[in-house]
Amino acid sequence: MPTFSLLEPPAPKGARETLYWENPPGSAVALGLARLASKAPLLVITPSTADTQTLEQALSFYTETPVLPFPDWETLPYDSFSPHQDIVSARLRTLRQLQDGLHGIVLVPINTLMQRLPPVEYIAGRVMSLKAGDRLDREAFREALSRAGYRAVETVYEPGEYALRGALIDLYPMGVDAPIRIDLFDDEIETLRLFDPGSQRTTEKINAIELLPAHEYSFSRSAIACFRENFETLFDVDPRQCPLYNDALKAIPSPGLEQYLPLFFEQTASLFEHLSDATQVALLPGIHKAAEQHWASIEARYANLGVDPTRPLLPPHRAFIASNDIFAAINQRPRVELTKDQDNRHAQVPQARTLPEVTINARSKTPLAALEHFLTTHTHTRVLFVVESRGRREALEDLLAPLALKLPYVSRFADFLDSQLPYAISEGLVAQGLWLESPDLAVITESELFGEVVRQSRRREKVTDDNEFAVRHLSELKEGAPVVHQAHGVGRYLGLETLEAGGQASEFLALEYANGAKLYVPVDSLHLISRYSGSADELAPLHKLGSDQWEKARKKAAEKIRDTAAELLDIYARREAQEGVVYAAPDDEYQRFAASFPFEETPDQQAAIEAVINDMTSPQPMDRVVCGDVGFGKTEVAMRAAFLAAQSNRQVVVLVPTTLLARQHYENFRDRFADTAVNISLVSRFTQGKTMNDTLERIRNGQTDIVIGTHKLLSKSVELPRMGLLIIDEEHRFGVAQKEKLKTLRAEVDILTLTATPIPRTLNMAMSGIRDLSIIATPPARRLSVKTFVQRHEDGTIKEALLREILRGGQVYFLHNEVKTIENAAEKIRELVPDARVAVAHGQLPERSLERVMSDFYHRRFNVLVCSTIIETGIDVPNANTIIIERADKFGLAQLHQLRGRVGRSHHQAYAYLMTPPPRP
């Protein structure tokens, strides 16, 4: 078979010629397509949205040619949801760029290619242009915006919105990255300025702006008349009973109106008609099968859903473009088809090899052995290491230091290609590397170095009881409620009684025990009483007074339980009696660090940062709780505090509950502190052997400024000579033994606790003033709220939720909190959605297996994780944006809030389904 260099790939010559390439390994396919697109515009068709996202990142690294993704709506066929405005904006931007003659690489999944689009002239004919100095009639402009589908709002946050405020008009045009503020002088546009939707502050002036329509369908009078005629002709229903029909006539964009787009136009178009005639097509492996499956799902959903007379559906051939028609259009253009069929005699073979094993094994005595073997046996191979960020770059440089490689930084792949450097390092979002034969060049990414390694020993420790009885105020005790006396066990609280003791009247708590026996407890001995936290109150087993029943129960319980009130009193008495570390006030270096934060601080976040700084610069030791929803910016508050402590030559400990979360925090801190001289180390079961010993030695010698890790940080082997700040992420996730160690530290160091759902005792102490409290309640700009549905358990709803997320390339948490039946639940998911890649995770798995499953899920090797509540405090998986919780009625509100916080951590719309059983008859 003929071979070719991926730097000079063959291109089809004739108008209908097909070239076959054997699919190269790793990201070599992205390099080949990037070089192919340097000669002519290119349309790349992928089998799925996930493949599109991965390819887009790799192409952006390998080429300077514009990459124009045409995103999917992220809805199912005939869905009652509408795509988010950000998605519509991105689609309209790509179509407009194609009309303007921008030549680049258009990326589209095959299912998106089957959607009908507005005709080419629709966008071009409805573009409005604004320039500084133009005349603008406010009322006519408002009407034009409404006809174009823009929504009038109080404050502009997302594309497709506008607000009129006197001489100011705020507008977020479709297809642009930031909204604009139009400042009028009488009826003349005086200035056009971009502004930040989060802070609402202007950023820079611009001279002109183009306004695209707000939807892919039109609300012009002619378009609404066309919709009305087509709807009444096509559907044999009473239109007055169709809410969507009535809304469309009033120019109201109902959810799911995009599914009726063909009714607004005399004729629709496909993406091919928006492309230039010179555009070539590249087909990735698997698109034929994916097209057939998608068309089958369209027909199946039409058959299942097309029975509602209030929402009639367009027939599949009217609503979508059939797969046969798609491939007929493809055959009209020059094309390259990549194939995995090695028996294809027509396929040309790219000169690329699969990278050998170069994994860094942290558990080995020689972690770099595999990589060193590759480098020494292939001395003529030039190697480019690629990492995701600057922080990871520095971490990798430290890790590769024993190999004594000179790793100059190159900003682009082309720079390395044109140089003579034997080794270099770069930054980019490349999922896999490559190895070219001609020239002899390798790209090694983090997935080759770390992706397949589970850096944790298979070690099971005894699970410690994390349930401590919290002491409550007297006002919280209700008559008839069960309580626990430390010395006598479970009784029932009857109320307060005044008795005379020692010649003096005093108030006593009256407790009733088994057989009607009563015990009177002085109010000043309230600390001996705690609330019962076992079964239902009415089922609480009352103990016998004078028997050894309670003593036996206490011996079976955790030996470390202490009198909470007395312990807290002792801790805070010691804190009051001594002076803590007084940190230096923020200086210019701190201000530069704060300015490098890539987002705008919310008011609550800024208030929390200032409160922490005030605590740290005062002599009183800090004990502050920062409470905020997931993704609201608590970590940045901790990073500012850590920077201030490191500046004052004090060590910082960041304590987290899980090893994977420790790794994620470590990488985030490395990225954030990349431009500083702060040294950061990781201590957990990820680090083993010599690496662990070296890390502990650096901590002991004071060479490490910030230490991030799990409860292993509390072991005697970790010595912190100049510890000044302890940051605890989710304190309630630590066991009794770990909390005992934490409590011994509290009188000596500053404490910063981060939590989304504080345990009652922590919240009680914060509200009563014992611990300081900062609440971050304002969401970040552009953060989409999680759409939450509470409904009965139905297989159809679950299947639809799974398909909607998988179709857009996302991942799903399916929470089933019964370990004995969790495998059955996973099997049912596989039956519902055969294409789903399902994994199972729960707390009874061996630690090594659990870490592997979670790591694989993070790296997208599975798209559905059937799990228990073990994910409650877990790693941040931005690609997981749907969670389905079975038997949601069995969870508390705080736990449901924490679980729902596993999704919605990116710019995608997230969904949470709280499934309940049907009511009992």
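Everything numeric here is computed off the predicted structure, so don't read it as measured data.

Engineer: Can you lay out the overall build of the chain for me, pointing to particular residues and giving the numbers?
Structural biologist: Regarding its fold elements, the chain presents 28 helices and 39 strands. Within the chain, buried positions represent 53% of all 921 residues. The long-range fraction of contacts in the chain, counting pairs at least 24 apart against all pairs at least 6 apart in sequence, stands at 74%. Roughly 41,300 Å² of accessible area belongs to the chain as shown, and the carbon and sulfur atoms make up 49% of that amount.

Engineer: Which residues make up the packing of helix α19 (residues 603-616) against helix α20 (residues 634-647), and what are the values?
Structural biologist: Interaxial distance between α19 and α20 falls to 9 Å at its minimum, and their mutual angle equals 30°. When the interaxial angle is binned, α19 and α20 end up roughly parallel. As α19 packs across α20, the resulting crossing turns out to be right-handed. Each of Q605, A608, I609, V612, I613 and M616 in α19 lies in contact with α20, whose residues at this interface are E636, V637, R640, A641, L644 and A645. Here the contact of α19 with α20 is composed, by residue class, of nine nonpolar, one polar and two charged.

Engineer: So what's going on with the nonpolar core? Which residues, and what values?
Structural biologist: Grouped together as the largest cluster of nonpolar side chains are 74 residues, with contacts concentrated most on I45, I182, F227, Y260 and L271. For this core, the element with the highest residue contribution is helix α9 (residues 287-305), accounting for five residues. Look past the residues within four positions of L271 in its chain and what remains in contact with it is L43, F70, L95, L98, V106, V108, L113 and L117.

Engineer: Help me get a handle on the packing of aromatic side chains, residues and values and all.
Structural biologist: Evaluated as defined, the whole model comprises 26 aromatic pairs. Measuring from centroid to centroid gives 5.6 Å for Y78 and F320, while their planes differ by 85°, and the two rings are edge-to-face. Residue Y78 is located in the loop between β4 (67-69) and α3 (85-99), and its partner F320 is located in the loop between α10 (316-319) and α11 (323-330); the two are separated by 242 residues in the primary sequence. Side by side, Y78 and F320 carry an identical accessibility label, which is buried.

Engineer: Please give an account of the sheet that holds strand β24 (residues 504-512) that cites residues and values.
Structural biologist: Think of a sheet as strands paired side by side through backbone hydrogen bonds, with each pair either parallel or antiparallel. Taken together, the five strands give an open sheet; going across it, the order is β25-β24-β23-β22-β26, and neighbouring strands pair in antiparallel fashion. Whereas interior strands pair on both sides, the edge strands pair on one side only; in this sheet they are β25 (518-522) and β26 (529-531). Each strand axis lies, on average, 45° off the axis of its neighbour in the sheet, ignoring direction. Judged from the five bridges that link them, β24 and β25 form a sheet pairing that is antiparallel. By the bridge assignment for β25, E512 is matched with K518.

Engineer: Explain helix α18 (residues 588-595) residue by residue, including any values.
Structural biologist: For an α-helix, 3.6 residues make a turn, and residues three or four places apart therefore share a direction. Inspection of α18 places Y590, F593 and A594 among the buried residues, and these make up the whole buried set. End-on view of α18: buried residues confined to an arc of 100°, all on one side of the axis. Relative to its buried face, α18 has exposed residues pointing more than 90 degrees away, namely D588, R592 and A595. Looking at the buried side of α18, the elements it contacts are α19, α20 and α21 (659-672). A side-chain oxygen of the first residue of α18 lies 3.2 Å from the backbone nitrogen of E589; this N-cap is D587.

Engineer: So what's going on with the confidence of the model for the chain? Which residues, and what values?
Structural biologist: Caution applies to low-pLDDT parts of the model: their predicted coordinates are not meant to be read in detail. With 87% of its residues at a pLDDT of 70 or more, the chain shows a mean pLDDT of 84. Residue range residues 452-472 is modelled with pLDDT below 50. Its contacts to residues more than four positions away, or to other chains, number 65 contacts. Within the model, the stretch residues 558-564 combines pLDDT values under 50 with nine contacts to residues more than four positions away or in other chains.

Engineer: Describe the environment of V108, and please don't skip the residues or the numbers.
Structural biologist: Mapped onto the elements, V108 comes out in strand β5 (residues 105-109). Using a relative accessible area of 0% as the deciding quantity, one classes V108 as buried. Through-space distance from the C-alpha of V108 to that of P71 is 6.7 Å; in sequence the pair is 37 residues apart. Excluding residues within four positions of it along the chain, V108 makes contact with L43, V44, I45, T46, T52, F70, L113 and L271.

Engineer: I'd like a rundown of the sheet that holds strand β37 (residues 864-867), residues and numbers included.
Structural biologist: Strands sit in the order β34-β39-β38-β35-β37-β36 across an open sheet of six strands; the sheet is parallel. Each end of this open sheet is capped by a strand with a single partner; those strands are β34 (787-792) and β36 (838-841). Ignoring strand direction, the axes of neighbouring strands in this sheet form an average angle of 20°. Pairing between β34 and strand β39 (residues 911-916): six bridges, direction parallel. Bridge assignment links K787 to a residue of β39, and that residue is Y911. Sheet strands touched by helix α26 (residues 822-832): β35 (811-815), β36 and β37. Its angle to β36, the strand with the most contacts, is close to 165°. Together, β35, β36, β37 and β38 (880-885) form the strand contacts of helix α27 (residues 847-858), whose direction differs from that of β36 by roughly 140°.

Conventions adopted
Residues numbered from 1 in each chain as written. Predicted model: local features only at pLDDT ≥ 70, side-chain atom pairs only at ≥ 80, totals over all residues. Heavy atoms only, no water. Helix = DSSP H or I, 4+ residues; strand = E, 2+ residues; numbered from the N terminus. Buried < 20%, exposed > 50% of the residue type's maximum accessible area, 1.4 Å probe, protein only. Contact = heavy atoms within 4.5 Å. Areas by Shrake-Rupley, 256 points an atom, 1.4 Å probe, with all protein chains shown as cover. Axes fitted to C-alpha atoms, helices over the stretch in contact; angles between N-to-C directions. Parallel < 35°, antiparallel > 145°, perpendicular 65-115°, else oblique. Left-handed = near helix turned anticlockwise from the far one by under 90°. Nonpolar A, V, L, I, M, F, W, Y, C, P; charged D, E, K, R; others polar. Core = buried A, V, L, I, M, F, W, Y, C linked by side-chain atoms within 4.5 Å. Phe/Tyr/Trp six-rings, centres within 6.5 Å; stacked < 30°, edge-to-face > 60°. Pairing = 2+ DSSP bridges. Arc of directions from axis to C-beta. Polar contact = N/O pair within 3.5 Å; in protein donor to acceptor, adjacent residues only side chain to side chain. pLDDT = per-residue confidence, 0-100.

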